[in-house]
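Observations on chain architecture
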Amino acid sequence: MSTAPLRVLVTRAAEQAGDLVARLQVIGCEVVEVPLIEVVEPADDGAQLRAAMAVVARADSPYDWVVLTSPNAALRSLSLLAVNAPVRLAAIGPGTAAVCRDLGFAVALVPERSIGEGLVAVFPDAVPGPVRRVLLPRAEKARDVISDGLKSKGWSVDVAVAYRTVDRTPTAPEAALASTADVVLCASSSAARSMVKAFGIERLPPRVVSIGPQTTKTLEGLGVMVFATADPHTLDGLVACVQSIVDR
C-alpha cells in the first residue's frame, strides 16, 4: 500500500521560494506554497543604497569590503555595481554567494556557519593605519551582531538599508491549504513572526522546522515548539531535515 507524500508548507516570499520548492519535490514531497512575507523597497525607495554603492564604485572608494547577509541584499546591491569595482565581497552563506556569482562577482569570504556570528568569526581584523571601512547593505530590521562584531575587529561599518520585509496575510483558501500540511519550514525570523500572526500557534502544522538558531530563538520566543533546526543553516540544511522526516 502506497504512503501519501509528506505535505510541506513553504512560507518564503513568492519570488524566493522556487529553488526550495524544486528541491522538496525532488525528494517526493507535496509542497504547499503560502508566502507569509513580501520583500519591498526601503522607505527611501533605495536612495541610501544607491548613494552607498556609487561610493563603492569609485576608484578611490574608502570601502575595503561589502558584506552581504542575504540573497536580497546581494541582488539589490550588486545590480548597482560593475563587476570590476575595487572592493571585496563577503557573503553570509552559499545562497547569498551564489547570487553574487550569478551576477558575475567573485566572493572573497563565505563562512562555514551561515549566521552572523559565523561571518564575524572568520572576518579578518582591520590592519593598523587609515580607517578601514565596510559597507553592510541589509534589511531595514536586522540584528546588529555583524556590525557590532566587525567594529570590535577595528572596522568602521556603514549600514545601508537595501530592502524591507513586510507581513503578507494569506487568503482564506491559502490558510485552509496550509492547515493540511505535515511540516512547515521557517527560513527567517520575519517569516516565523508572520506565520504565528497569521495562523496562531494552535493551527500550525505538527512539525516546525527552522533554518537556524536565530529563527529557532524567535519561534521559541513566540511559544512555538521547534521540531528541528537545520544544520548547516541553509536551504540544503532545511531539505536535509525534511529528508530525515521522509525516511522515518
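Above this text you will find the structure in question.
Structural notes, computed from the coordinates. Remember, it's a predicted structure, so these values are computed and weren't measured experimentally. (Residues numbered from 1 in each chain as written. Predicted model: local features only at pLDDT ≥ 70, side-chain atom pairs only at ≥ 80, totals over all residues. Heavy atoms only, no water.)

1. Examining helix α8 (residues 189-199)
Going by this rule: We call a residue buried when its accessible area falls under 20% of the maximum for its residue type, exposed when it is over 50%, and partly exposed in between, using a 1.4 Å probe and counting protein chains only. Only runs of H or I of at least four residues qualify as helices and only runs of E of at least two qualify as strands under DSSP, and these elements are numbered from the N terminus.
Summarising burial for α8: 8 of the 11 residues are buried, a large majority. Those residues of α8 that sit buried are Ser189, Ser190, Ala191, Ala192, Ser194, Met195, Val196 and Phe199.

2. Section: the sheet that holds strand β1 (residues 7-10)
Condition: At least two bridges found by DSSP between two strands is the condition for calling them paired.
Sheet architecture is open: 5 strands sit in the order β2-β1-β8-β9-β10, paired in parallel fashion. Only two strands of the sheet have a single neighbouring strand rather than two, namely β2 (30-33) and β10 (228-229). Taken together, the 4 bridges between strand β8 (residues 183-186) and strand β9 (residues 207-210) define a ladder with parallel strand orientation. Residue pairing across strands places valine 184 opposite valine 208, the latter belonging to β9.

3. Quick look at empty space enclosed by the protein
To be explicit about the condition: For cavity detection a 1 Å grid was placed over the protein atoms alone, and a set of points counts as a cavity when a 1.4 Å probe fits there but cannot get out; an open set counts as a pocket when protein lies on both sides within 12 Å along at least five of seven lines, with lining residues being those that have an atom within 4 Å of a point. Grid points are joined across faces, edges and corners, and a volume is the space filled by probe spheres set on the points. Residue classes follow a fixed rule: Ala, Val, Leu, Ile, Met, Phe, Trp, Tyr, Cys and Pro count as nonpolar, while Asp, Glu, Lys and Arg count as charged, and any other residue, Gly among them, counts as polar.
A full pass over the atoms with the stated rule returns 1 cavity of 30 Å³ or more. By volume, the largest cavity amounts to about 40 Å³. Forming the boundary of the largest cavity are Ala175, Ala178, Ser179, Phe199, Arg203 and Pro205. Of the residues that constitute the lining of the largest cavity, the class distribution is 4 nonpolar, 1 polar and 1 charged.

4. Regarding the packing of aromatic side chains
Convention followed: Aromatic rings from Phe, Tyr and Trp, with only the six-membered ring used for Trp, were paired whenever their centres fell within 6.5 Å, and each pair was classed as stacked if the ring planes differed by under 30 degrees, edge-to-face if by over 60, and tilted otherwise.
Following the criterion strictly, the structure yields 2 aromatic pairs and no others. Residues tryptophan 65 and phenylalanine 123 carry aromatic rings whose centres are separated by 4.9 Å and whose planes lie at 55 degrees to one another, so their mutual orientation is tilted. Of this pair, tryptophan 65 sits in strand β4 (residues 63-68) while phenylalanine 123 sits in the loop between α5 (116-122) and β6 (133-139), and the two are 58 residues apart along the sequence. Of the two residues, tryptophan 65 and phenylalanine 123, neither departs from the other in class, the shared state being buried. Geometrically, the ring pair formed by phenylalanine 123 and tryptophan 155 is edge-to-face, given 5.6 Å between the ring centres and 75 degrees between the ring planes.

5. Points about the sheet that holds strand β5 (residues 88-91)
Adjacent strands of a sheet form backbone hydrogen bonds with each other and so pair up, either parallel or antiparallel. Here is the rule we go by: In this description, a line fitted to the C-alpha atoms serves as the axis of each element, helices being fitted only across the stretch in contact, and the angle between N-to-C directions of two axes falls anywhere from 0 to 180 degrees. Here, two residues are considered to be in contact whenever any of their heavy atoms come within 4.5 Å of each other.
The mixed open sheet is built from 5 strands, whose spatial order is β3-β7-β6-β4-β5. Each end of this open sheet is capped by a strand with a single partner; those strands are β3 (37-40) and β5. This sheet shows a mean twist of 25 degrees between the axes of neighbouring strands, independent of strand direction. Note that β3 and strand β7 (residues 156-167) share 4 bridges and pair antiparallel. Across the sheet, residue valine 39 finds its bridge partner in β7, namely threonine 165. Along the sheet face, helix α2 (residues 47-57) touches β4, β6 and β7 and points at about 145 degrees away from the line of β7. On the sheet, helix α6 (residues 145-152) packs against β4, β6 and β7 and is oriented at approximately 170 degrees with respect to β6.

On their own, these measurements won't tell you what the molecule is for.
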